[in-house]
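Understanding the architecture of this molecule
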Amino acid sequence: MLCGSASKELGEMDFVGRVLVQHFPFRALYGRDPSVLIQFDRGSTQSETMDQLMQAHDAVLVELKQNLSKAQEYMKNCLAESLELYVQPEDVIDSRRLLNGQFEILVTWTGLPDCENSWELLDNFQVQFPHFHLEAKVNFKEGGIGERLQKVYNRKRDQWEVMSFKFNDSRRYRRIVGSIAGSCITSAIPLLASFKKEICLAALDIIEDGMSALAKVEAAYNHEKEIKEATEDALQSLSLYQLRDTLDATEEGADENRLLPAMNKIWPFLITCIQNRNPVAVRRCLNVISNLVLICGGDFFTRRFHTDGTRFWKLLTTSPFREKSYFKDEKTPLRLPYRSSSISSEDSLAETSYLKVQIAMLNMIADLCRDKRSAPALELVLKKVSGLVVGIACSSVVGLRDASLNALHGLASIDPDLVWLLLADIYYTVKKTETLPPPRPDLPEISEILPLPSSPREHLYVQYGGQSYGFEIDSASVEVVFSKIDSHYQMYS
């Protein structure tokens with residue numbers, strides 16, 4: 001029951017509303033009639049242009065008055081006694097499900113433009129318009145609109161549930177593979193230092209396969225992050241919060257960063273494997289290192305090659321190049337009769353086997369240089385390596401010529417000017433009356449850059465590769481190198 005004052009106020013509001021409906025909007029707002037607009041009399045001005053403007057002005061006013069009358073009449077018909085705009089639904093053109101589980105329908109209204117289409121709650125719409133046949137409007141074969149939307153929602157939920165389970169299974173499989181690969185690598189790392197060839201080779205195979213698996217696991221993890229973000233957004237839009245929570249529940253910690261920490265542990269043992277000087281194991285180790293640099297990226301190895309590179313470059317400067325000692329105080333170790341193991345790996349290795357090791361070393365340099373991902377590994381030692389390879393290519397060791405040319409081609413893919421300068425310096429010395437023309441017009445002649453060296457130690461390749469190595473230049477090898485460089489190994493291709 002309403003009190004007396006409330007009833008009185010409602011009565012006054014109803015009276016005011018009825019008065020407003022019966023009057024023009026201007027009078028209802030200002031309490032007076034609007035001013036009368038005086039119609040223009042044609043021909044009352046002396047200017048023909050002004051006469052035309054005033055006539056056009058009157059035509060606009062007439063049209064505006066007609067439209068206002070139509071609008072007022074329409075509002076009178078649409079307003080109920082409660083002064084609320086009353087319209088009828090015309091059609092339902094779309095539907096959606098809210099985050100709280102309720103359904104909305106997009107309704108078009110009779111007599112209103114498309115910009116007035118509105119989303120209405122399904123339950124409220126059915127209460128306000130109980131006689132509006134939703135099923136007939138949207139042409140559903142069975143069930144009401146709510147029932148059909150629920151079926152669609154259930155079907156989508158089931159699909160996302162299956163995809164969510166498959167995604168979680170994939171993540172568990174990735175973790176298992178990463179855990180197994182990491183355990184195998186950890187077990188095989190100490191075996192790299194073994195003096196037994198068979199054990200060392202088996203460990204190298206395990207390391208190579210394990211690191212390849214970890215690289216794939218890390219790539220899968222990065223791909224999973226993108227899938228997880230997209231899946232969470234989709235589940236959020238569908239209000240499938242429980243499925244979204246299952247994605248977070250299976251997260252068991254950060255396990256994606258395994259590749260580089262594992263490589264950091266492996267590297268010292270690879271150096272030990274090189275130092276053991278077993279020809280077969282060293283060749284295989286160089287091949288594995290080449291693949292690991294490509295897997296992990298050359299940036300990770302830049303400092304390592306700079307620090308530990310002497311272990312590798314020494315492989316290129318042992319027999320047959322270092323036939324004598326360059327240090328006065330260096331003495332031959334004493335061989336005791338009861339010693340069964342060799343004490344000097346440089347003296348014990350056969351010449352043929354060691355040539356194969358040096359070929360493997362040169363091929364590793366070529367492989368590292370040719371790939372943009374692994375090339376940064378030699379960034380800090382590029383001059384030294386280039387000097388060594390040029391000295392070997394122009395020496396009298398024919399067995400290393402093809403491998404050294406292959407390495408030169410790889411080095412030229414990083415810095416062709418450096419390789420040309422080192423080779424031109426040797427050519428200029430051997431052919432004193434001839435000079436090797438620069439490959440690019442903007443490069444000066446070698447005679448304009450460098451003077452003739454007075455001794456072999458003043459060659460650029462010796463200064464870059466190291467004076468203690470003392471490679472001897474063979475004129476016949478120089479001719480062969482330059483002919484093959486021009487025909488097969490174009491540095492500026």
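What you are looking at is a predicted structure, and each value in this text was computed from that prediction instead of being measured.

1. A short note on the sheet that holds strand 3 (residues 118-121)
Read from one edge to the other, the open sheet built from three strands follows the order 1-2-3, with strand pairing classed as antiparallel. Each edge of the open sheet carries a strand with a single partner, namely strand 1 (89-97) and strand 3. Across this sheet, the average inter-strand angle for adjacent strands is 35°, counted without regard to direction. Sheet analysis places strand 1 next to strand 2 (residues 103-109), joined by seven bridges and oriented antiparallel. When the bridges of strand 2 are listed, valine 92 appears paired with valine 107.

2. Let's talk about the packing of helix 15 (residues 401-412) against helix 16 (residues 416-430)
The interhelical angle for the contact between helix 15 and helix 16, taken along N-to-C directions, is 135°, at an axis separation of 7 Å. Relative to helix 16, the element helix 15 is oriented oblique. Across the interface between the two elements, Leu408, Leu411 and Ala412 of helix 15 pack against Pro416, Val419 and Leu423 of helix 16. Looking at the contact of helix 15 with helix 16 residue by residue, the class counts come to six nonpolar, no polar and no charged.

3. Comments concerning the confidence of the model for the protein chain
Looking at the protein chain as a whole, its pLDDT mean stands at 77, while 73% of the residues score no less than 70. Counting interchain partners and residues more than four positions distant, the pLDDT-below-50 stretch residues 1-10 has two contacts. The model gives residues 320-349 a pLDDT under 50, and that stretch makes 28 contacts with residues more than four places away or in other chains.

4. So, unusual backbone geometry
Unusually for a residue other than glycine, arginine 277 sits at a positive phi of about 60°. Considering the arrangement of structural elements, one finds arginine 277 in the loop between helix 9 (259-275) and helix 10 (279-296). Residue classification places arginine 277 among the buried positions, given a relative accessible area of 10%.

5. Here's the deal with the pairing of strand 2
The side chains of a regular strand alternate between both faces of the sheet. For strand 2, a buried count of seven out of seven residues is recorded, marking the element as mostly surrounded by other parts of the structure. Burial of the side chains of strand 2 extends over both faces: Phe103, Ile105, Val107 and Trp109 are buried on one face and Glu104, Leu106 and Thr108 on the other.

6. Re the pattern of salt bridges
All chains considered together, the criterion is met by five salt bridges. Where aspartate 169 meets arginine 172, a salt bridge forms, and the shortest distance between an N and an O atom there is 2.2 Å. Of this pair, aspartate 169 and arginine 172 both sit in helix 6 (residues 145-188), three residues apart, which is roughly one turn of that helix. Judged by relative accessible area, arginine 172 falls into the partly exposed class, the value being 39%. Residue arginine 284 is joined to glutamate 208 by a salt bridge in which the shortest nitrogen-to-oxygen separation is 2.4 Å.

7. Quick word on helix 10
End to end, helix 10 covers 26 Å across 18 residues, agreeing with the expected 26 Å (1.5 Å per residue, within 8%). Regarding helix 10, the residues found buried are Pro279, Ala281, Val282, Cys285, Leu286, Val288, Ile289, Ser290, Leu292, Val293 and Cys296.

8. Comments concerning the side chain of arginine 304
Note on placement: arginine 304 falls in helix 11 (residues 302-317). Despite its burial, arginine 304 pairs with no opposite charge; the closest candidate is aspartate 308, at 6.6 Å N-O. Once residues lying within four places of it in the same chain are set aside, the contact partners of arginine 304 are Asn264, Trp267 and Gly309.

9. Here we look at the nonpolar core
The biggest cluster of nonpolar side chains holds 84 residues, and the ones touching the most others in it are Met211, Met263, Leu270, Phe305, Phe312 and Ile365. Dropping the residues within four chain positions of it, phenylalanine 305 is found in contact with Trp267, Ile289, Val293, Phe312, Trp313, Met364, Leu368, Ala377, Leu378 and Val381. Of all hydrophobic cores here, the second largest spans ten residues; its members include Ile105, Trp109, Phe125 and Phe132.

10. Topic: helix 14 (residues 382-393)
The end-to-end C-alpha separation of helix 14 is 16 Å, in line with the 16 Å expected for twelve residues at 1.5 Å each. Among the twelve residues in helix 14, ten count as buried, and that is most of the element. Every buried residue of helix 14 is listed here: Leu382, Val385, Ser386, Gly387, Leu388, Val389, Val390, Gly391, Ile392 and Ala393.

11. Thoughts on the packing of aromatic side chains
Applying the stated rule across the entire model yields ten aromatic pairs. Ring plane angle 50° and centroid distance 6.5 Å describe the contact between phenylalanine 301 and phenylalanine 305, whose orientation is recorded as tilted. Joined through ring pairs, the aromatic side chains of Trp267, Phe300, Phe301, Phe305, Phe312 and Trp313 make up one cluster. Across from the ring centre of phenylalanine 300, 3.9 Å away, lies the NZ or CZ of arginine 304, which sits over that ring.

12. Structural notes on the packing of helix 10 against helix 11
Viewed as axis vectors pointing N to C, helix 10 and helix 11 meet at an angle of 145°, and their least axial separation amounts to 12 Å. Once helix 10 is placed against helix 11, the crossing between them reads as left-handed. Between helix 10 and helix 11, the contacting residues are Val282, Leu286, Ile289 and Val293 on the first element and Phe305, Phe312 and Leu315 on the second. Within the contact of helix 10 with helix 11, the residues separate by chemical class into seven nonpolar, no polar and no charged.

Analysis parameters
- Residues numbered from 1 in each chain as written.
- Predicted model: local features only at pLDDT ≥ 70, side-chain atom pairs only at ≥ 80, totals over all residues.
- Heavy atoms only, no water.
- Pairing = 2+ DSSP bridges.
- Helix = DSSP H or I, 4+ residues; strand = E, 2+ residues; numbered from the N terminus.
- Axes fitted to C-alpha atoms, helices over the stretch in contact; angles between N-to-C directions.
- Parallel < 35°, antiparallel > 145°, perpendicular 65-115°, else oblique.
- Contact = heavy atoms within 4.5 Å.
- Nonpolar A, V, L, I, M, F, W, Y, C, P; charged D, E, K, R; others polar.
- pLDDT = per-residue confidence, 0-100.
- Buried < 20%, exposed > 50% of the residue type's maximum accessible area, 1.4 Å probe, protein only.
- Salt bridge = Lys/Arg side-chain N within 4 Å of Asp/Glu carboxyl O.
- Expected span 1.5 Å × (residues − 1).
- Lys, Arg positive; Asp, Glu negative; His and termini not counted.
- Core = buried A, V, L, I, M, F, W, Y, C linked by side-chain atoms within 4.5 Å.
- Phe/Tyr/Trp six-rings, centres within 6.5 Å; stacked < 30°, edge-to-face > 60°.
- Lys NZ or Arg CZ within 6 Å of the ring centre and 35° of its normal.
- Left-handed = near helix turned anticlockwise from the far one by under 90°.

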